[in-house]
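Each chain is listed here by its residues.
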Amino acid sequence: MPDIDGGILFLEDISEHPYRVERMLAQLWQAGILERQKTIVLGHFNGYKLGAPDNGFDMPSVIKWLRSTVKVPVVTGLPYGHIKVKATLPVGRVVGIATEKGMAHLVLDEHEH
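Just so you know, these numbers come straight off a predicted model, no measurement behind them. For every chain, the first residue of its written sequence is number 1, and the numbers climb from 1 along that sequence. The predicted nature of this model means local features are confined to residues of pLDDT at least 70 and side-chain atom pairs, given and counted, to a pLDDT of 80 or more, with totals for whole chains, interfaces and linings taken over all residues. Based on all heavy atoms of the structure, the side-chain values leave hydrogens and waters out of the count.

> What am I meant to see in the environment of L66 here?
Secondary structure elements follow DSSP: runs of H or I of four or more residues count as helices, runs of E of two or more count as strands, with numbering from the N terminus. Here L66 lies in helix α2 (residues 59-69). Separated by 18 residues in the primary sequence, L66 and K84 place their C-alpha atoms 26 Å from one another. By the convention used here, residues are in contact when the closest approach between their heavy atoms is within 4.5 Å. Apart from residues no more than four positions distant in its own chain, L66 is found in contact with L25, L34, I40, L42 and V74.

Structure (structure tokens):
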């Protein structure tokens with residue numbers, strides 16, 4: 001397990017039903033991993049199709065549960081993962097999150113190409 005204290009946890013998935021995403025997040029929460037982050041950033045969770053057994057439990061419901069459960073900021077809508085246009089994330093690098101007027105900005109160190 002990598003050192004996760006004080007990190008920014010980026011999550012996204014494709015074709016996972018919201019109840020399964022909630023279950024995975026609940027495991028991370030119960031293990032204490034989510035509370036040890038500075039921020040949780042969610043990308044796109046798409047490719048699933050709700051059915052009658054879901055009873056309307058969708059990704060906004062999961063996000064609402066997450067925000068009411070953890071004590072750290074939860075940022076949504078980061079364009080990365082299994083989508084056409086996406087940001088490249090610096091995994092393992094020092095980054096920050098800045099917020100202003102309801103917007104969140106990913107703050108990266110300068111780097112050379």
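> So what exactly am I meant to see when it comes to the pattern of salt bridges here?
Think of it this way: side chains of opposite charge can pair up when their charged atoms draw near. Salt bridge, as used here: a side-chain nitrogen of Lys or Arg that lies within 4 Å of a carboxyl oxygen of Asp or Glu. Under the counting rule described, the total for this entry stands at two salt bridges. The partner of R36 in a salt bridge is D5, and the shortest N-O contact between them spans 2.6 Å. With a gap of 31 residues between them, R36 in the loop between α1 (18-30) and β2 (37-46) and D5 in the segment before β1 (7-14) connect regions that are remote in the sequence. Between R20 and E16 there is a salt bridge whose closest N-O contact spans 2.6 Å. Here's how the labels work: a residue is buried when its accessible area is under 20% of the maximum for its type, exposed when over 50%, partly exposed in between, all with a 1.4 Å probe on protein chains only. Here R20 falls in the partly exposed class, since its relative accessible area comes to 33%. A relative accessible area of 18% places E16 in the buried class.

> Where do I start with the sheet that holds β2 in this structure?
We treat two strands as partners when DSSP finds at least two bridges between them. Across the sheet, three strands lie side by side as β1-β2-β3; this open sheet has parallel pairing. Edge positions in the open sheet fall to β1 and β3 (74-76), since each of these has one partner strand only. Ignoring strand direction, the axes of neighbouring strands in this sheet form an average angle of 20 degrees. Across seven bridges, β1 lies against β2 in parallel orientation. The residue bridging L11 from the neighbouring strand is L42, located in β2. Packing of α2 onto the sheet brings it into contact with β2 and β3, and relative to β3 it is tilted by some 160 degrees. Fitting a line to C-alpha atoms yields each axis, with helices limited to the stretch in contact; the angle taken between N-to-C directions then spans 0 to 180 degrees.

Keep in mind these numbers describe shape, not what the thing actually does.
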